[in-house]
Structure formats: C-alpha cells, structure tokens
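# Topology and contacts: notes
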Amino acid sequence: MAPHALLDTAEISDKARRDLLQLLEGIRGKKNLVIERSLAGPVGLFVKFSTLQEYGVDRVFFLENDNVDASQKNIIFLARAEQAKQVISVAEQIKRLRRSSSTDHEFSIIWVPRRTLVSDQILEDTGVLGEASVSEYALHFIPVADDLLSLELDEAFGDLYLRKDPTSIFLAAKALMLLQQRHGLFPRIIGKGDNAKRLCDLLLRMRSEVTASEDSGSGSTSVLGLTPSTTLESLILIDREIDFPTVLMTQLTYEGLIDEVFNINSNATEVDSSVIGAVNTPQPTPGSHNSSSTQSPAPTAQPQTLKRKIPLDDKDTLYQTLRDSNFAIVGSLLNKVARRLQISYESRNTAKTTSELREFVNNLPGLQAEQASLNIHTSLTEEIMKHTRTDIFSRVLEVQQNFAAGADPATQNDAIDELINRAVPLATILRLLCLASSFGSGLRAKDLDLFRTAVLHAYGHQHLLTLSALEKSGLLTPRSSSALGIPAAGARHATHGTNYAAVRRSLHLFADEVNEADPNDIAYVFSGYAPLSVRLVQCIIQKQFLTQLRSTGGQGHGNRQASATAAAPSGQGWRGFEDAVKNVRGATFDEAQTGEDKAVRARHILNGSGANSEKTVIVFFLGGVCRAEIAALRFVSRKLAEEGKGKRILIATTGIITGDTVVGASVEERKFGNA
C-alpha cells in the first residue's frame with residue numbers, strides 16, 4: 001500500500017505526453033497526423049511539434065479542412081468519438097484516400113478520450129471499420145495552469161443545458177475517478193445543483209463498481225486502497241445553472257477582459273499584428289497555421305498573416321502578476337514595471353567594478369525578456385482601453401451593475417431598448433436580457449414579448465429559434481407564479497431559479513465600495529458583484545470570513561480574524577449556511593467517503609497523522625467557469641495561505657467560458673431564404 005501521492009498538475013501533463021508518444025511510437029515509419037481542430041490547442045499545451053517530428057510525424061492537418069494528402073503511407077486520425085459528425089468526417093476522408101490514392105495506406109484512428117459503440121457502428125456502416133486500426137487515448141484533464149485543470153469540452157454548456165446531453169457529466173466523472181485512483185478517495189463530496197448531484201451519484205457508483213470488480217478478482221490489491229485521501233481534503237461540485245449571471249456579466253479582470261475582447265484559447269490569444277507588432281515565426285505546434293497546411297512542417301515565414309499568436313501562460317511572470325488584477329489598476333502596475341526596468345538598465349552606467357558589470361550582463365537576458373513582455377502587455381492594455389472607454393461599453397456595464405445591485409429589471413428596459421436601436425452586437429443584447437431574467441427570476445411576459453419583437457426586427461427573424469433555445473436552456477424565461485413564491489404545478493423546485501433577492505443579502509453578493517488596488521474581498525473581480533459560485537465555495541472553506549462579512553455588511557475587515565472566531569459556524573460542509581443555500585437553485589448534497597477499517601488503519605500507520613501536510617480542495621465547475629471566477633478563487637486561496645490554513649485550491653472544469661460562449665450556444669447562425 002503506497003502513500004497517497006500529492007496532486008501535481010505537471011505529472012498530469014507528463015502522463016498525457018507519454019501516453020500520446022507511446023501511441024505514435026507504436027506506428028512505425030513516417031506518418032501524417034490528422035487532428036480535430038478543438039484538440040490541437042490542448043495537445044499543444046503539453047507536447048511540441050518538434051517532439052512529434054521525433055516520433056515520425058511528418059505533417060499535421062486539421063480534420064475539418066479535409067485536405068490530408070497521400071504523401072505518407074501511415075495516416076493517423078486523432079479526434080473525439082463522442083461527436084458523430086467527427087466520426088463521419090474521419091470515415092469520409094479514409095474513403096476518399098482509398099479512392100484517389102494509389103498508395104496502400106495504413107490508417108490508424110485514435111479516439112479521445114474513449115472509443116464508443118456509436119463510433120464503431122458509424123465506421124461499420126460506412127465500410128471502413130475493418131480498414132483502420134482503432135485505439136483510444138484517455139486524455140481527460142489538461143493542465144491549463146498549475147492550479148487549473150480543464151477537460152476542454154467546448155460544447156459542454158450547450159450539451160448540458162440546451163440539448164440535455166449528459167455525456168459531459170460522464171466524462172467529468174471518469175476524469176475525477178482517475179484522480180481518486182491515483183490520490184485516494186475524496187473524503188467529502190460537497191456540491192450544489194441538479195447536474196452536480198448526478199455527477200456525485202455517478203462518482204459514488206463508479207467507486208462501488210471498481211471496488212466490486214476488485215473484490216471479485218484473484219486477491220488483487222485495491223487500486224484505491226479503500227481509504228480517503230491524505231492529500232485531498234474535499235471535492236466541491238458547482239453546477240453552472242445555479243449561477244448564470246456570473247458568466248453573463250462582463251469580466252473586469254485583466255485576463256477576463258482579454259478573453260472578452262480577443263478570446264483566449266489554450267493559453268494563447270490571437271491579436272492583429274498592427275496592435276502587437278511584427279509576426280514572429282515560432283516553431284509550429286499542432287494548433288498553428290503552419291502545421292495545419294499541406295506544406296513542409298519546417299518553420300516558414302508568413303508575411304500575409306494578419307494575426308499574431310500571443311502566449312498567455314505561467315512562463316510569463318509579468319502576466320502572472322497582471323492576470324487576476326482588476327483592469328482599473330493594470331496601467332499603474334505596468335508603469336511600476338517600466339520604471340523598475342529603466343532603473344535596471346541604467347545600472348550599467350553606474351557599475352564601477354568588473355563584478356558589477358558581469359552581474360548586469362548575466363541579468364540582461366532576463367531584462368530583455370521582461371521588456372518584451374512589458375511591450376506586449378502594454379499594447380494589449382491600450383487596445384482593451386479603446387474598447388472599455390467607448391460609450392457602449394460604459395452603458396452596458398452600467399446596466400449590468402444595476403442588475404447586480406438589485407435594481408428592478410424593468411427599470412433597465414429603456415437602456416436595453418436604446419442599445420438595440422444602436423445596433424449593438426446581438427450577443428451583448430442577449431447577455432443583458434438573460435441577466436435580467438436570471439436576476440429577476442424571469443422577465444414579465446409583457447417585457448419578454450416586447451424584447452422578442454425588437455430582437456427579431458433588429459437582428460433577423462431566424463433569431464426566433466435563438467430565443468426559443470435560450471428559454472430551453474433556462475437563460476431567458478417568462479416570470480411564473482413560482483417566482484412570487486407560489487410553487488408551479490409539477491415544478492422540480494419551490495422556485496423557478498436562484499432567489500437572488502434573498503441570496504444577495506444573506507451572502508453579501510454586492511459591495512458598494514471596492515478597493516481594486518488592495519482588495520479584501522472577491523467582489524473586486526466585477527468591481528462590486530461577488531460571484532455567487534465562489535461565495536458558495538466560501539461557505540464551505542472560509543466560514544469565519546463570510547460570517548464576519550455578513551455581520552458587518554462588508555465593513556471592518558481588519559478585525560475579522562479576532563471577532564469572527566467565536567461567532568463563526570463550526571463543522572464541515574454547508575453547516576451554518578443552510579438557510580442561505582436553500583435559496584440557490586438545485587439539489588444540495590454533502591457525501592462523506594470512508595474506507596474499510598483495516599485499510600484506514602494501515603494507511604494511517606504508513607503516512608502518520610498527516611496533520612502538518614498541505615491539503616488540496618478541488619473545486620469543479622460543471623458546465624464551465626469564467627476567468628473572473630478563477631481570479632476570485634485564486635484570491636481565496638491566497639487568503640487561506642496567509643491565514644495558515646494548510647489548504648490550497650485546485651480549480652477544475654469542463655471548459656473555460658465567457659458570456660458570449662453561453663449565449664452563443666443558442667444563437668441560430670442560419671438565415672431564412674437564400675440570404
């Protein structure tokens with residue numbers, strides 16, 4: 001019985017890299033790799049294109065481009081088997097190559113993260129199942145940062161809430177189960193939301209199935225050791241539908257605004273070269289334009305490219321400093337860095353000894369790298385400021401803040417109508433309407449009809465389907481009698497959704513005054529609004545702080561440690577906040593996982609008490625998480641470290657989303673007629 005290993009995201013990356021390279025190594029000779037576009041970026045996070053070349057990959061193509069050539073005998077397809085359209089695309093390309101090429105190709109299909117019966121049936125129906133070697137690549141969690149894991153399921157939000165497809169729940173359970181097999185059982189599984197409860201139940205069932213299969217084996221040792229982990233404290237599951245407003249609002253952190261304005265995919269954003277400077281020619285990766293072409297994979301200049309890819313990851317120390325800061329103070333932070341670099345460069349003029357000059361020369365590469373980073377982030381900041389200083393942005397932000405502060409949604413109707421008349425992008429209007437619906441437990445039928453008419457006239461009648469899809473997702477709904485406290489017939493819950501009027505008071509969701517430069521609460525990420533999802537996490541792991549916050553109304557944080565100790569609720573889980581949590585939509589649960597007594601005692605003897613070791617709290621967002629929530633959880637994690645709680649927070653999710661992602665899942669792209 002080995003000790004439980006500490007959860008290190010770098011180990012997850014290393015394993016994903018080893019598993020992929022092992023699959024490639026099993027296919028001898030040169031090979032062309034055809035990869036699904038949505039997988040290219042995530043794979044590029046842990047394996048470089050040069051490494052793929054060392055394992056025989058000659059050229060890389062995107063599956064969606066349907067342009068793989070016959071230059072190599074071995075052709076490998078790397079795609080998700082969960083999506084029928086991708087399976088069909090793989091089958092069609094294999095058939096095309098069989099017809100058009102004189103080469104006797106050897107096809108290999110690697111399904112991510114698993115092989116499915118449906119994919120086998122499609123391949124069989126199209127007549128290619130026997131012509132390809134089929135395997136699976138169990139790629140689940142992908143480390144996006146040292147404290148952030150993502151399944152990178154781009155369609156998870158739409159699948160869960162619009163199409164009611166539970167596939168992402170199963171994939172999440174599978175990924176979390178693998179963590180338990182490596183690090184021990186989650187001692188507690190706590191969460192909120194109906195889909196989160198389904199995920200919890202599935203995890204418990206998977207555990208019982210693994211235990212039963214091992215008990216029936218020939219005396220093999222349990223993979224889990226049947227003991228709770230000594231390195232993991234708990235798993236907190238948050239269902240996205242309990243808190244739609246947080247992802248619908250405009251994020252005001254630096255990283256959040258980059259995502260809002262430019263979009264961030266796989267730790268990189270693409271910006272017009274006129275904004276950021278000349279295009280570099282880095283080594284191509286599986287997700288780059290170079291590697292997706294049919295030309296040689298060697299780096300080549302592309303002067304016609306108008307976009308420059310900017311990496312945004314932990315390797316950039318300046319970005320680490322800026323990313324979770326409120327955008328209002330980013331300018332001053334950049335100025336401080338610029339002045340420090342200037343002083344460092346000028347030190348060469350004051351160096352009087354050889355050792356001082358040698359020290360400057362040794363520091364020069366680091367200074368140059370930091371200067372390059374400073375130039376990039378200064379350019380990004382200036383471009384974002386052009387966006388944030390517009391009248392439209394200010395007007396939209398004002399409406400959002402009024403909603404968050406508890407204003408009657410009807411009082412903002414004129415402002416939204418004005419924005420529609422000014423031809424603001426549809427996604428922005430839909431976000432405001434969904435915000436009004438979420439905060440107000442639905443829109444009045446009269447207001448909903450008026451906005452429906454305005455949207456159809458301004459943006460096209462195809463968006464009747466868009467509005468219908470938003471209603472099906474629970475984002476834009478008419479106010480029912482249940483919103484007034486009268487349960488609707490056949491309703492699953494006493495209320496239509498989260499009762500924000502009650503939760504706003506009980507969990508202090510809005511702060512009138514926020515110190516963005518030196519924040520003392522998570523409300524800084526939205527300049528006033530505290531994300532409900534993160535407040536719920538605080539109900540579990542920051543009880544003292546939240547109790548003091550409720551009692552003082554956000555004032556007097558300086559003495560919270562001393563004054564809250566006696567009054568703070570004791571115990572684990574939701575204890576002390578049951579009344580507040582009842583006003584949040586969906587099921588509430590708190591499951592404790594225990595092991596067999598003999599195994600627990602053996603584990604205790606092996607590991608000792610473990611009282612002094614840091615434990616990890618995993619917060620998993622089912623349906624997606626936005627970067628403002630990530631910043632808020634990092635703020636909570638830093639506070640826990642300052643208080644010496646011996647805890648760290650690891651964020652996990654099905655994917656990173658924005659408000660545009662949320663409403664975009666429902667937007668009808670087609671138009672009526674031939675237009």
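Given the structure is predicted, the values throughout are model-derived calculations rather than measurements.

### Observations concerning the overall build of the protein
- Scanning the protein from N- to C-terminus turns up 28 helices and 14 strands.
- Relative to its full complement of 675 residues, the protein shows a buried share of 52%.
- Long-range pairs, those at least 24 residues apart, make up 80% of the contacts in the protein between residues at least 6 apart in sequence.
- On the protein, roughly 29,900 Å² of surface is accessible, and the fraction owed to carbon and sulfur atoms is 49%.

### Topic: the pairing of strand 4 (residues 106–112)
- Of all the 7 residues making up strand 4, 6 are buried; the element is thus mostly covered by neighbouring parts of the structure.
- Once the chain exits strand 3 (residues 74–80) it traverses helix 4 (residues 84–100) before rejoining the sheet at strand 4, and the crossover so formed is right-handed.
- As judged from the 5 bridges shared by strand 4 and strand 5 (residues 132–136), these two strands associate in the parallel manner. When the sheet's bridge partners are listed, W111 is paired in strand 5 with E136.
- Note on the crossover from strand 4 through helix 5 (residues 117–125) to strand 5: the handedness is right-handed.

### Side note on helix 16 (residues 391–405)
- Its 15 residues place the ends of helix 16 21 Å apart at the C-alpha level, agreeing with the 21 Å of an ideal helix rising 1.5 Å per residue.
- Residues of helix 16 that are buried: F393, V396, V399, Q400, Q401, F403 and A404.
- For helix 16, the elements touching its buried residues are helix 9 (244–248), helix 10 (254–261), helix 15 (354–388), helix 17 (413–421), helix 18 (426–439) and helix 21 (500–506).

### Quick look at the sheet that holds strand 2 (residues 57–62)
- Taken in spatial order, the 5 strands make up an open sheet running 2-1-3-4-5, and their pairing is parallel. Edge positions in the sheet fall to strand 2 and strand 5, since each of these pairs with one other strand and no more. Between one strand axis and the next, the sheet turns by 20 degrees as a mean value, whatever way the strands run.
- Note: strand 1 (residues 31–35) against strand 3, 5 bridges, orientation parallel. Of the residues in strand 3, the one forming a bridge with I35 is L78.

### Remarks on the pairing of strand 14 (residues 647–653)
- In terms of burial, strand 14 is a largely internal element, 7 of the 7 residues being buried.
- By the alternation rule, side chains of strand 14 split into K647, I649, I651 and T653 and R648, L650 and A652, which are all buried.
- The parallel pair strand 13 (residues 615–622) and strand 14, bridged by helix 27 (residues 627–642), forms a crossover whose chirality is right-handed.

### A short note on the nonpolar core
- Core analysis: the largest hydrophobic core is formed by 122 residues, its most contacted members being L176, L237, L507, Y529 and F620.
- No other element matches the 9 residues that helix 18 contributes to this core.
- For L507, the contacting residues outside a window of four places in its chain are L532, R535, L536, C539, L546, F577 and A580.

### A closer look at the sheet that holds strand 14
- Taken in spatial order, the 7 strands of this open sheet run 6-7-14-13-9-8-12, and their pairing is mixed. At either margin of the open sheet sits one strand with a lone partner, and together these are strand 6 (142–145) and strand 12 (588–592). The sheet shows a mean angle of 20 degrees between the axes of neighbouring strands, taken without regard to direction.
- Judged from the 3 bridges that link them, strand 6 and strand 7 (residues 148–150) form a sheet pairing that is antiparallel. For P143, the partnering residue across the bridge sits in strand 7 and is L149.
- Packed onto the sheet, helix 27 meets strand 6, strand 7, strand 13 and strand 14 and runs at close to 165 degrees relative to strand 14.

### Looking at the pattern of salt bridges
- Counted according to the given criterion, the structure contains 39 salt bridges.
- The salt bridge partner of R340 is E370, with a shortest N-O separation of 2.3 Å. Of this pair, R340 sits in helix 14 (residues 330–350) while E370 sits in helix 15, and the two are 30 residues apart along the sequence.
- Measuring nitrogen to oxygen at the nearest pair gives 2.8 Å for the salt bridge that ties R422 to D391. Of this pair, R422 sits in the loop between helix 17 and helix 18 while D391 sits in helix 16, and the two are 31 residues apart along the sequence.
- Classification of R422 by relative accessible area gives partly exposed; the value is 36%.
- Classification of D391 by relative accessible area gives partly exposed; the value is 47%.
- Through salt bridges with shared partners, a single ionic network connects D147, D314, R323, D324 and R634.

### Considering the environment of F157
- Here F157 shows up in helix 6 (residues 156–162).
- In this structure, the C-alpha to C-alpha distance between F157 and T654, residues 497 residues apart in sequence, is 8.6 Å.
- Excluding residues that lie within four positions of it along the chain, F157 makes contacts with L162, R240, F244, L475, G623, I657, V662 and A665.

### A look at the environment of V617
- One can find V617 in strand 13.
- C-alpha of V617 to C-alpha of L235: the two residues are 382 residues apart in sequence and 6.1 Å apart in space.
- Setting aside residues up to four positions removed in sequence, V617 forms contacts with E233, S234, I236, I541, K647, R648, I649 and L650.

### Focus on the packing of helix 18 against helix 20 (residues 463–473)
- Interaxial distance between helix 18 and helix 20 falls to 12 Å at its minimum, and their mutual angle equals 35 degrees. With respect to the hand of their crossing, helix 18 and helix 20 are arranged in right-handed fashion. Where helix 18 approaches helix 20, its residues L426, L430 and C434 are matched on the opposing element by H463, T466, L467 and L470.
- For the contact of helix 18 with helix 20, the per-class residue count stands at 5 nonpolar, 2 polar and no charged.

### Thoughts on the environment of I310
- Tracing the chain through its elements places I310 in strand 11 (residues 307–311).
- On the accessibility criterion, I310 (2% relative accessible area) is buried.
- Separated by 39 residues in the primary sequence, I310 and V271 place their C-alpha atoms 7.3 Å from one another.

### Points about the packing of aromatic side chains
- In total, this model carries 11 aromatic pairs according to the counting rule given.
- Summarising the aromatic geometry, the rings of F439 and Y529 are spaced 6.0 Å apart at their centres and angled 85 degrees between planes, so their arrangement reads as edge-to-face. Linking F439 in helix 18 with Y529 in the loop between helix 21 and helix 22 (532–541), this pair joins segments that are 90 residues apart in sequence.
- Judged by its relative accessible area of 9%, F439 is buried.
- Overall, Y529 belongs to the buried group, its relative accessible area being 0%.
- Through a chain of ring-to-ring contacts, three or more aromatic side chains come together here, namely F439, Y500, F526 and Y529.

Procedures and definitions
- Going along each chain's sequence as written, the residues are numbered from 1 onward.
- In view of the model being predicted, local features appear only for residues whose pLDDT reaches at least 70, and side-chain atom pairs are presented and counted only at 80 or more, with totals across whole chains, interfaces and linings using the full set of residues.
- Each side-chain value is derived from all of the structure's non-hydrogen atoms; neither hydrogens nor water enter the calculation.
- Helix numbers and strand numbers start at the N terminus; a helix is a DSSP run of H or I with at least 4 residues, a strand a run of E with at least 2.
- Only protein chains enter the area calculation, which uses a 1.4 Å probe; residues under 20% of their type maximum are buried, those over 50% are exposed, and those in between are partly exposed.
- Here, two residues are considered to be in contact whenever any of their heavy atoms come within 4.5 Å of each other.
- We get accessible surface area from the Shrake-Rupley algorithm with a probe of 1.4 Å; when it comes to residues, only the shown protein chains can shield them.
- For a crossover, the right-handed case is the one in which the path from the first strand over the helix to the second runs clockwise, viewed with the strands pointing away from the viewer.
- In this scheme, strands are said to pair when DSSP sees at least two bridges between them.
- Given the number of residues in a helix, its expected span is that number minus one, multiplied by 1.5 Å.
- An axis is simply a line fitted to the C-alpha atoms; with a helix, the fit covers only the stretch in contact. Between two such axes, the angle follows the N-to-C directions and lies from 0 to 180 degrees.
- We define the nonpolar core as a collection of buried residues of types Ala, Val, Leu, Ile, Met, Phe, Trp, Tyr and Cys that are connected through side-chain atoms lying within 4.5 Å of one another.
- For this analysis, a salt bridge means a side-chain nitrogen from Lys or Arg found within 4 Å of a carboxyl oxygen belonging to Asp or Glu.
- Put simply, a crossing is left-handed when the front helix is turned counterclockwise from the back one by less than a right angle, and right-handed when it is turned clockwise.
- Ten residue types, Ala, Val, Leu, Ile, Met, Phe, Trp, Tyr, Cys and Pro, are classed as nonpolar, four, Asp, Glu, Lys and Arg, as charged, and the remainder, Gly among them, as polar.
- Only Phe, Tyr and Trp rings are paired, with Trp represented by its six-membered ring, and only when their centres lie within 6.5 Å; those with planes under 30 degrees apart are stacked, over 60 edge-to-face, the remainder tilted.

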